[in-house]
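# Close look at the chain arrangement
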Amino acid sequence: MNFLILFCRQNRTNQLILYQDIETIILYLQYDVGQIQLLIEMFKDNLKLLNTGYLQLTKKEDNQNIYKFQPIQYLVINKKVTSLKTKCRFLNLIMPNREYKEYELRILYCEGSTDKAIKFYLDDQFMNESQDLYTQLKSVDWKDTYRDEPFIYHAQLLDFLLQTCLIEPSIRQFDPQFRDIDLKDNFNISVFKIKKIIRAQYLLELLREPDQQVDVKMRQLQFTRIISFQQSVQQDTNFDASKGFNILKPKILEFLRLIHITSEKAPAADIPLGQLTRDVIHVIDFEIRKLVAVQNKANFTDDYFDYIVEYLLPFLLSYTERVLTSQNLEIKRSIENFSKEFAKTLEEFKSLLTDRYVDIIQQFRSKYPNDDYHISFQDVKRDIINNDQDQDIQLQSHQELDDRQPLLIKQKTKKKKTGDQVIDMSERQSLESLWDQFTNYFQKCPTVLDEIETERSTLANALTKIDQLITEPCEIKHSSDTILKKLINFVQSGILQPQNSGTIVILLKIMGKIIEKDPAQLKEQQKLFDNLGATQMVLNVLSDYSKTLGTNMILNLMKFLNVLLCQGNTKVQEAVYIFCKTQQKSENIFKVFADYLRSATLQIEVDEEDLDAMMQKDLVNVILKFLQNCAEGHYSELQNYIRYQSNSRASIDLINVVADLFKSQEKTIQSFSNLMRCLDTLNELVQGPCLENQVAVSDSKFFDVVQEMFPQRKKAGNEDRTQERRVTKKKSTKKTDSKKKKKLPLTKGMKAQLQNKILILILSLMEKREINSKNMILRRIMRSLPINTLEIHISKVYKKFNSLYQGNYIMKSFENINLDAEEDDDDDHPKMVNNEKQYSKKETVIQNGFYLMFLICYYIESGEALDSQLINYNKQYLKQQNKENNLFDPNSTIGQLYSLLLEIIEQSLEMSNKLLALKELAGLSNEEVIQQKAIQKANDKKRIVKKAFLFFRSKTAHVELIRDDQIELVFFPVLPYCRLQKEEKIDFQNNVDRSSVKAKVQDLMDRSSEFIEKMIHEENMRLIYQKYKLIGFFANYVQLWKDLAYYLTIILNLIVITSYAHETGDGNQLSDVQFFRDESYTLDQTKNIFFILGLVMTICSLFVVVFVLAKLAPLIVVKAYKKPDFFTGDVGLIKKLINLLYKPIFILLSCLADFTVLYYLGYGVLAILGTIVHPFFFCFHLSVVFLRFPTLRNVVRSVTEPRVSLLLTLLLIIIITYIYSLWAFIGLQKDYEQNCKSVLYCFLLIFEYNFQVPGGIGGQMTQNAPSPQYEPQRFIFDQTNNIILVIIMISIASGIIIDTFGQLREEENAMQSDINEKCFICGLENIRFERSSEGSGGFVGHIRLNHYMWNYLYYIAYLQSKSDQDYSGIESYVQKKRKEQDLSWVPFNRARELKKEDDDVEKEQKQVESINSQFDSMIESAKQLQIQLKLFKQRRAQGHKREDTNTQVNTYTQPTILDK
């Protein structure tokens, strides 16, 4: 049976297999040999089988089916079933209904009938529990009639019925502080059915049945009531039911109180139990008789007092409150009599009293007071408390309790008069306390949490792969989307029901696990849940029910929302923004957020043992994470909305709230996570940039904390001591406070990480801001962090870095920021080694030094008057950068020799200075020594400041970028591997597309990945060389070995030229050698000279070959290894073998196909052959001149580039020569003196002499056999051959070569002109920078500092080294543009130095435009005036005509008048 139990445990397939034979299993169920446990295992985890299987079992006519319900009881009573729907199914399964026949009711209740009310069958008992199964079967003559104890079954049945009716199971335990009328809504509809089936009157009758809680036999002669009671309960000793009622009666009282009293919603007069007054009185009288027996020293069972206080008194209190009326005086008197007898008996139970029992008894006493209570309940409570304290002290003295692994302590139990063992209540409380500790640890145990996480992952996988799990045909179309949609709807609809809280929390975690299970599919899963309404669901719930939801539920909802927003999903961010913008109720969310954040601001101290306080702390972190996720990716709409809710009636500036929270937090280890989260949130709200949020942060209390985290040196020690005193003062001497954790100040690593976040936020405030004295935010920063403060802290960072890495600038130093500062280790504080501090990695955050340097550069760029020595250091650095130093170029031989010599001299001087200082101190007095040490300390301080500044300044670069048509100055650290070799730079400059400025920059961007890969590889090689000093010594001077090998090559070949001769004529010219043909040197001496020089040459050559191959070969191998296999997919054995051989062969061929690798391999091999075999092999090494001198490369290119044209020209020469060969073969045999007997020989003869002898083949024949007479054929042959082949064709070939060489020279000149006269980035000419008064060092300063082309490559390398989540606003902008292949961020035709000039030009253009417009208006006015003058003249001319006409008329009429 045990095998079958294990076979089906947690395996649905095996459960289904066993279910096929369930009839066999239940055939003899009454002989329990493990079948009940097997059924429990079959149905426990399979509700579908439970719903269908048991319904089928109950149809069988078998009077033993009562045992089939034990598994159901186990599942329900032990809370394996919580769903109301499933509870109702179970209830309907075992409750009588119309379809049940008589035998079915008999099966269920053993006394079933067609009546509506049912009764329990309690007759067929077998009380001798000590007998084994064999004895029990033998006693009934092996008949199939054995039954289990029916009282246990019916007690479990009543408990099961209660379980199916309650909405909130916690109300089963009576609480004297709650009124029954307040609990009436905690029942479902099943309670009405149960009331009708199990009547109250029948249950009251059962309560009057005799039991064995009190032994009344000893006093039957003293009290007549006891005698009558004893006579009524006498039974056959073989059949004693009284013991079974001890088990059944507590459940009956609880059933009566909850089902027939508490669940009633009707008035007291209408409650059915109110009609059974006489029955209730009989029950009370029955209990009074037992109390009287106890007063007369009768024995009572262990649980009798529990029965009275836990069940009987709550029943009487509920009956008094809900049923008892003022008219029922008789029952009231009966209860008062019970109260008197109980008060008299209470002294017997004094040792069993607990706090809860005292509360219930006092409640009962307040309802029915009397003078027989002689016990002082206050004294009882005090005794209980003292007893608990004594037990705690005793437990602590005997055993140390581990908070993480609590153990249950076995206690001795006291014995009562009956000899039965009972557990003292104080001991029980101690055990309960220990059990609580155990469960608390169990819930936090890492192993348990891992298992829970595994189960969640399994369930999440099942939900997403539901189509694969359900293979059987189903009417309802099942899909993961449908199920997820239903789960989301369930969360929204059932959020307010308390019984659903646990389920909803689990569902939220499971849905979060579905989203996070595959990081590659994170965005898609977030979009899926958003499309299914998850985002809307959470926002609606928080908006509608945020005031009623508990902290735990809000916490889990916010965690799920953060999963949806993780990594700044823009679709979810948009959904959040649209909801907030369109739904006015969203203001409730922000109000709740503000309340929690402000509450955290006021709550300075959080007790880690206070679960509610810790939960609120977690919620504050989750809210901050939500605000951060909303702004992730620089989503500007939500950034602004978080600051100002435009559609809200009362907008809340959460930026200031977060800043206040940041300021209020104590700088302790316990508050470190909150401080970091506040800074992360503020950073995301500012970056992008969001200009309004920049102003909001700068105006907040943020800079108050900045001054605290970056103190002046004189105040630093005092500040730390003040912080230490503040967090450790007022220590409590009480024992309860001894368990609390001591609040500790921030560790050095935590301070460094907080400073890092603060500096990032300060730099984010500068995004998209003009760097000048008018920048108010910059001025605010300069007030909070003066340059002297930056000087102090940058020196601290450099000291830590130099101490930890000995000044070695490596990438590992950038990884310290990722260390967990909250981990407690011994390496977190400085240690003294050789009288010097050794700092930890956690506190050595090199990024802080760079960020401080960025601020210093911003201060200098602003033009403000600064009083600091750093200004002079910066001028020296810029002057050095602009200075050309070709003589000591580090890539040249002289430069490398100079650096090697300088390093030796510096080390020697340092040692000598130390010796001199010690010598001087030896001859001074104590005061002089102290004074000298002070001077030396001040000098050391200045020296460290200078070293720190020059270190970070030399590793800091800047680029100018364009965003929104505005130039931004961006500083960044030059990473340790950003060291592109000079050869790579020259090669790129020679091959870049110079058709336009944009084409040049595009080429740089396209090759950036290749350059970065090479730089990273070279950095790794440098670290290896640094680790192995001897190898590093040779590797760091590769150029020196190249130059030495080159010079030795020239010397060896000069010796070869002057030493080898062929004078003896013996045919052994390879061994006829004499040093400079000097007879004083023998053959052996000459060979020794060649060997020594060749050996040195070989060693230098091998150094060059090894280090060049180490530089190139790994990159080629990695690139070739990434090539896919020759055969892909499912392949057979032969194809696998081919794939296995394909990769090595392809890698080898790839290496040999590279010209540089092949050349240097030959370089090394021929150097060895030249030393061992013969010096003539050294002639190959002269080919290095083509690599050293670009002009010679152009000579070679002038022949190789026009190869097609030259080959075609050669083909034409061959064709013409062939034609002349045929001519000579036919008609010029005599002139060739019979040397042209074959066409081939004739062709070769003509081809050879045409290009050797003046005049070609004709000149050769004339010299050998001059003709005595003139021959026309010969004349034509010689002249045409000479003109066509010798003159024309050779001139054509020479012209092609010469033209190509000229073109290459022009291109090189144009390239040099473009390099020297134009900026690679902006394309502006040098003359503009030379004329500009704003330029820093003119054009040279521009291309070496502001628009240094390789800084843009290093900036891209810096972006690639960072995570997308850590990008600032400008960095995200540039990365986005790069992915889009958009170069609009590059400052084409623009530069910050020319900004004033551009402004002047723009101003002049505006003035010219203004003058032009004025001139145009004047011209227009003149035109209008001219038109008016013309009109005026016309009117005037017309006026003159009218006057002339009038004059003529007057002249004509005047004589007539005169005449008159």
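Residues numbered from 1 in each chain as written. Predicted model: local features only at pLDDT ≥ 70, side-chain atom pairs only at ≥ 80, totals over all residues. Heavy atoms only, no water.

### Concerning the overall build of the chain
Cut-off, in case you're wondering: Counting from the N terminus, the helices are the DSSP runs of H or I reaching at least four residues and the strands are the DSSP runs of E reaching at least two. Exposed residues in this analysis have more than 50% of their type's maximum accessible area, buried residues have under 20%, and partly exposed residues fall in between, with area computed by a 1.4 Å probe over protein chains only. Contacts: residue pairs with any heavy atoms within 4.5 Å of one another. A 1.4 Å probe and the Shrake-Rupley method give the accessible areas. Residues count as covered only by the protein chains that appear here.
Along the backbone of the chain there are 62 helices and 6 strands. Out of the 1460 residues in the chain, the part that is buried amounts to 44%. Across the chain, contacts joining residues at least 24 apart in sequence account for 73% of those joining residues at least 6 apart. Carbon and sulfur atoms make up 54% of the accessible area of the chain, which totals about 80300 Å².

### Comments concerning the pairing of strand 6 (residues 966-973)
Defined as follows: Two strands qualify as a pair provided that DSSP identifies no fewer than 2 bridges between them.
Of all 8 residues in strand 6, 7 are buried, a share of seventy percent or more. Bridge analysis of strand 5 (residues 956-963) against strand 6 gives 8 bridges, and the strand direction is antiparallel. Considered in strand 6, the bridge of Thr956 is made with Pro973. Counting the residues that bridge the hairpin from strand 5 to strand 6 gives 2 residues, and of these Asp964 lies at a positive phi of roughly 55°.

### Some points on the packing of helix 60 (residues 1349-1361) against helix 61 (residues 1369-1379)
Heads up, the condition is: The angle between two axes is taken between their N-to-C directions and runs from 0 to 180 degrees, where each axis is a line fitted to C-alpha atoms and a helix contributes only its stretch in contact. Here the word oblique covers every angle except those under 35 degrees (roughly parallel), over 145 (roughly antiparallel) and from 65 to 115 (roughly perpendicular). The classification used treats Ala, Val, Leu, Ile, Met, Phe, Trp, Tyr, Cys and Pro as nonpolar, Asp, Glu, Lys and Arg as charged, and all other residues, Gly among them, as polar.
At a minimum axis distance of 11 Å, the contact between helix 60 and helix 61 shows a crossing angle of 100°. The pairing of helix 60 with helix 61 is recorded here as roughly perpendicular in orientation. Seen from helix 60, the contacting residues are Tyr1355, Ile1356, Tyr1358, Leu1359 and Gln1360; seen from helix 61, they are Ile1370, Glu1371, Val1374, Gln1375 and Arg1378. Partitioning the contact of helix 60 with helix 61 into residue classes produces 6 nonpolar, 2 polar and 2 charged.

### Brief notes about the pairing of strand 5
Most of strand 5 is tucked away: 8 of the 8 residues are buried. The alternating pattern of strand 5 places Thr956, His958, Glu960 and Ile962 and Ala957, Val959, Leu961 and Arg963 on opposite faces, both of which are buried.

### Let's talk about the packing of aromatic side chains
Definition in use: Note on aromatic contacts: the rings of Phe and Tyr and the six-membered ring of Trp form a pair at centre separations within 6.5 Å, being stacked when their planes are under 30 degrees apart, edge-to-face when over 60 apart, and tilted otherwise. Here, a charge over a ring means that NZ of Lys or CZ of Arg falls within 6 Å of the ring centre while also lying within 35 degrees of the ring normal.
Summed over the entire model, instances satisfying the criterion amount to 55 aromatic pairs. Plain terms: the ring middles of Trp1041 and Phe1103 are 5.5 Å apart, the flat faces sit at 50° to each other, and that makes the pair tilted. With a gap of 62 residues between them, Trp1041 in helix 48 (residues 1038-1059) and Phe1103 in helix 49 (residues 1083-1121) connect regions that are remote in the sequence. By way of ring pairs, the aromatic residues Tyr798, Phe801, Tyr805, Tyr809, Phe814, Phe850, Phe951 and Phe952 are connected into one cluster. Lys955 extends its terminal NZ or CZ atom over the ring of Tyr809, reaching a point 5.5 Å from the ring centre. Against the face of Tyr1373 rests Arg963, its NZ or CZ located 5.7 Å from the ring centre.

### A few points about helix 57 (residues 1272-1317)
Spelled out, the test is: Here the expected span of a helix is defined as 1.5 Å times the quantity of residues minus one. Bend at a given residue is defined as the angle between two axes, one fitted to the seven residues that end at that position and one fitted to the seven that begin there.
With 46 residues, helix 57 ought to run about 68 Å at 1.5 Å a step, and its terminal C-alpha atoms sit 64 Å apart, in line with that. Asn1282 marks where helix 57 bends most, by close to 30°.

### Concerning unusual backbone geometry
Put simply, Gly688 and Pro689 share a cis peptide bond, and its omega is 0°. With respect to the helices and strands, the residue Pro689 is situated in the loop between helix 33 (672-686) and helix 34 (691-699). With phi around 60°, Lys768 is a residue other than glycine that occupies positive phi space.

### A closer look at the confidence of the model for the chain
The line we're drawing: pLDDT measures how confident the predictor is about each residue, on a scale from 0 to 100.
On average, residues of the chain carry a pLDDT of 77, and 75% of them reach 70 or more. Mean pLDDT per element in the chain: strand 1 (residues 414-415) is the minimum at 35, and helix 60 is the maximum at 94. Note that pLDDT drops below 50 for residues 392-423; the model gives that stretch 46 contacts with residues more than four away or on any other chain. Taken together, the stretch residues 832-836 has pLDDT below 50 and engages in 3 contacts with residues farther than four places along the chain or on a different chain.

### Notes on the packing of helix 24 (residues 501-516) against helix 27 (residues 551-565)
Under the convention used in this document: Note on convention: near helix rotated counterclockwise from far helix by under a right angle means a left-handed crossing. Clockwise means right-handed.
Axis separation between helix 24 and helix 27 bottoms out at 9 Å; the angle between their running directions is 15°. The angle between helix 24 and helix 27 places the two elements in the roughly parallel class. Note on packing geometry: the crossing formed by helix 24 with helix 27 is left-handed. Contacts from Ser501, Ile504, Val505, Leu508, Lys509, Met511, Gly512, Ile515 and Glu516 of helix 24 reach helix 27 at Asn552, Met553, Asn556, Leu557, Phe560, Val563 and Leu564.

### Quick notes on the nonpolar core
Counted only if it meets this: Nonpolar core, defined: a set of buried Ala, Val, Leu, Ile, Met, Phe, Trp, Tyr and Cys residues in which side-chain atoms within 4.5 Å join the residues together.
Formed by 176 residues in total, the largest nonpolar core has its most connected members in Phe529, Phe560, Phe702 and Tyr1355. When residues of this core are assigned to their parent elements, the largest contribution, 11 residues, is made by helix 40 (residues 846-862). Ignoring any residue separated from it by four or fewer positions in sequence, one finds Phe702 in contact with Phe662, Leu679, Val697, Ile758, Leu761 and Ile762. Listed in part, the 79 residues of the second largest apolar core include Ile198, Ala241, Ile252 and Phe349.

### Let's talk about the environment of Tyr19
Here Tyr19 lies in helix 2 (residues 12-19). Since its relative accessible area comes to 18%, Tyr19 is described here as buried. Tyr19 sits 30 residues away from Leu49 along the chain, and the two C-alpha atoms are 8.6 Å apart.

### As for the side chain of Glu287
Inspection of the secondary structure puts Glu287 in helix 15 (residues 277-295). On the basis of relative accessibility, which here comes to 1%, the residue Glu287 falls in the buried class. Residue contacts for Glu287: discarding those within four places in its chain leaves Tyr304, Tyr307, Leu312 and Phe338.

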